[in-house]
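# An overview of the molecular structure
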Amino acid sequence: MAITKVKSLKGEITVPGDKSISHRGVMFGAISEGTTELTGFLDGADCRSTIDCFKAMGIDISQEADHVIIHGKGLHGLSAPKEMLDVGNSGTTTRLISGILAGQSFISSLNGDASIQKRPMGRIITPLTQMGAHIRSIKDNGCAPLEIGGAPLKAIHYDSPVASAQVKSCVLLAGLYADGVTSVTEPVVSRNHTELMLSGFGADIKSEGLTASIVGGPKLVGQKIAVPGDISSAAYFIVAGLICPNSDLLIKNVNTNPTRAGIIKIAQDMGGNIELLNERIVSGEPVADIHVTTSDLHGCEVSGEIIPALIDEIPVIAVMAACASGTTVIKDAAELKVKESDRIATVTENLKAMGCDITPTEDGMIINGGKPLHGTTVNTHLDHRIAMSFAIAALIAEGETTFDNEECCSISYPTFFETLNQIINK
Ligand code: S3P
């Protein structure tokens, strides 16, 4: 795939289902009684890893494209997997499933690809160990492969040092298997899909300020869930519509949960023409259509409490900043270093290669925008969000942009290039 500068982007699109919600739908369905039906499911590699892990533990799951039916077996219905569970590239699968596995009477183990084997698991090993779980990093390096399970759990209160929905969800899911109330306090609120969705399945789960708590031993009952479009996938087209000339895009049916929608506020702060239409609630989550048109953007500061609400969008926000006049400072985002790639390094490397003035910092980056970008060969480091973010930068760059790998997009957005091609006017 070679991408060159476009004349304009026009059209109405939808993006695939929300990755976080799709994972949770499968997991919570598997440990509930009765049938759970997901429509709009994200048929990407990460969510397939979650399906495969639960199939390996005896759960009957059928999938036809974005329609998934899970025949749940209740909190104690999983059976011991015969082999090591394969979580692929998925951090969400790894950390959330670990909370469930910690509560099982059998011992299991899991592993994933080279990226997963570098991502920090100490952040879940610590609280799960406090709950009395048996969990260990098999290579003793704080990363996967992990061995988990086989011990009774006790309820704890955990003060998490990181604002991470994966850590919070892991502890809350383990809390399903403990007597009493398990709670987690975070330094800044992270995405709350677990709290919203588990409550719909019948759990006694609450959030107050920075603390989420759950009562152990509920009866969970299967649900029908319409998964909305993923704002992290919509983000590429939001930025594309703002930075490309003569553009007008409507992105329909996108999850705008405030714990996720930080990119909308930042696009507005940068002077972007962005509006939410047809705002509604679907399966307990806020949803809207997002309209963007070409905008004169200026730099801004991206820091503090908003960071967890846009952490996955920072690569494409950096592209937006490169196209904005003036300076954008992104800080308080050291978590970028432990995503699918070290995104401070991989964003810097590729934006520099396109001619942008960018300086990496310990917890973010400083971008002096407005310099013309030129094509390059993007070094994706097999990180889906790097590939897609730089496909958007390529739309305004002089010359041709190619990729060392395009297939990595299928982790979260298998049809990304098809949708992009639909809206491009050369
Ligand atoms: C996710 C939480 C975020 C996010 C990831 C999905 C989730 O990770 O980066 O893509 O579904 O809970 P952290 O919570 O670890 O920051």
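See above for the structure.
Residues numbered from 1 in each chain as written. Predicted model: local features only at pLDDT ≥ 70, side-chain atom pairs only at ≥ 80, totals over all residues. Heavy atoms only, no water.

## Observations regarding the pattern of salt bridges
What counts here: The salt bridge definition used is simple: a Lys or Arg side-chain nitrogen within 4 Å of an Asp or Glu carboxyl oxygen. Starting at the N terminus, helices and strands are each numbered in turn, a helix being any DSSP run of H or I of at least four residues and a strand any DSSP run of E of at least two. With a 1.4 Å probe rolled over the protein chains alone, any residue whose accessible area is under 20% of its type maximum counts as buried; one over 50% counts as exposed, and the rest are partly exposed.
Summed over the entire model, instances satisfying the criterion amount to 21 salt bridges. In this structure, the salt-bridge partner of glutamate 33 is lysine 219, at a minimum N-O distance of 3.5 Å. Here lysine 219 lies in the loop between β14 (211–215) and β15 (224–226) and glutamate 33 lies in strand β2 (residues 33–39), a separation of 186 residues in the sequence. Its relative accessible area of 54% is what places lysine 219 among the exposed residues. Ionic pairing is found between lysine 265 and aspartate 269, a salt bridge with its closest N-O pair at 2.8 Å. One end of the pair, lysine 265, and the other, aspartate 269, are both in helix α8 (residues 262–269), 4 residues apart, so they sit about a helical turn from each other. The exposure class of lysine 265 is partly exposed, given its relative accessible area of 43%.

## Points about the nonpolar core
Put simply, the rule is: We call a set of buried Ala, Val, Leu, Ile, Met, Phe, Trp, Tyr and Cys residues a nonpolar core when their side-chain atoms join them within 4.5 Å. In what follows, a contact means two residues having at least one pair of non-hydrogen atoms within 4.5 Å.
Membership of the largest hydrophobic core comes to 77 residues, with the highest contact counts inside it found for Phe237, Leu395, Phe416 and Leu420. Ranked by residues supplied to this core, first place goes to helix α7 (residues 231–243) with 10 residues. In contact with leucine 420, not counting residues within four places along its chain, are Ile3, Phe237, Ala391, Ile392 and Leu395. Within the second largest apolar cluster, 64 residues are counted, among which are Ile31, Met121, Met131 and Tyr158.

## Comments concerning the pairing of strand β13 (residues 205–208)
Selection rule: In this analysis, strands are considered paired if DSSP registers two or more bridges between them.
Of the strand pairs in this sheet, β13 and β14 are connected by 4 bridges, and their pairing is antiparallel. Within the sheet, the bridge partner assigned to lysine 206 lies in β14 and is serine 213. Here β13 folds back onto β14 in antiparallel fashion, the turn holding 2 residues, of which glycine 209 has a positive phi close to 60°.

## Quick word on the packing of helix α1 (residues 19–30) against helix α3 (residues 91–102)
This is how it is decided: Angles shown run from 0 to 180 degrees and are taken between the N-to-C directions of axes, each axis being a line fitted to C-alpha atoms and, for helices, limited to the stretch in contact. Orientation labels follow simple angle bins: below 35 degrees gives roughly parallel, above 145 gives roughly antiparallel, 65 to 115 gives roughly perpendicular, and whatever is left gives oblique. The crossing is said to be left-handed when, going from far helix to near helix, the turn is anticlockwise and less than a right angle, and right-handed when the turn is clockwise. Only Asp, Glu, Lys and Arg are considered charged in this grouping, and only Ala, Val, Leu, Ile, Met, Phe, Trp, Tyr, Cys and Pro are considered nonpolar; every other residue, Gly among them, is considered polar.
Two elements in contact, α1 and α3, have axes whose closest approach is 11 Å; the angle formed by their N-to-C orientations is 30°. Relative to α3, the element α1 lies roughly parallel. Note that α1 runs across α3; the crossing there is right-handed. Residue-level contacts link Lys19, His23, Arg24 and Met27 of α1 to Thr92, Thr93, Leu96, Ile97 and Ile100 of α3. Split by residue class, the contact of α1 with α3 holds 4 nonpolar, 3 polar and 2 charged.

## Brief notes about the site of the ligand
The following threshold applies: We call a residue near a molecule or strand when any one of its heavy atoms sits within 4 Å of it. Two N or O atoms form a polar contact when they lie within 3.5 Å of each other; inside protein one atom must be a possible hydrogen donor and the other a possible acceptor, and for residues adjacent in sequence the pair counts only when both atoms belong to side chains. Residue ranges for the domains originate in an automatic or database domain assignment.
Taken together, Lys19, Ser20, Arg24, Thr92, Ser164, Ala165, Gln166, Arg191, Ile311, Asp312 and Lys339 are the residues near the ligand. Serine 20 is positioned with one of its side-chain polar atoms (N or O) 2.7 Å from an oxygen atom of the ligand. Interatomic distance of 2.7 Å between a side-chain N/O atom of arginine 24 and an oxygen atom of the ligand. Taken together, the elements giving at least two residues each to the shell around the ligand come down to α1 and α5 (165–175). A total of 3 residues in the shell around the ligand trace back to one element, the largest contributor, which is α1. Counted by class, the shell around the ligand contains 2 nonpolar, 4 polar and 5 charged residues. A domain-level breakdown of the shell around the ligand finds at least three residues from each of domain 1 (2–16 + 228–425) and domain 2 (19–226).

By themselves these figures say nothing about function.
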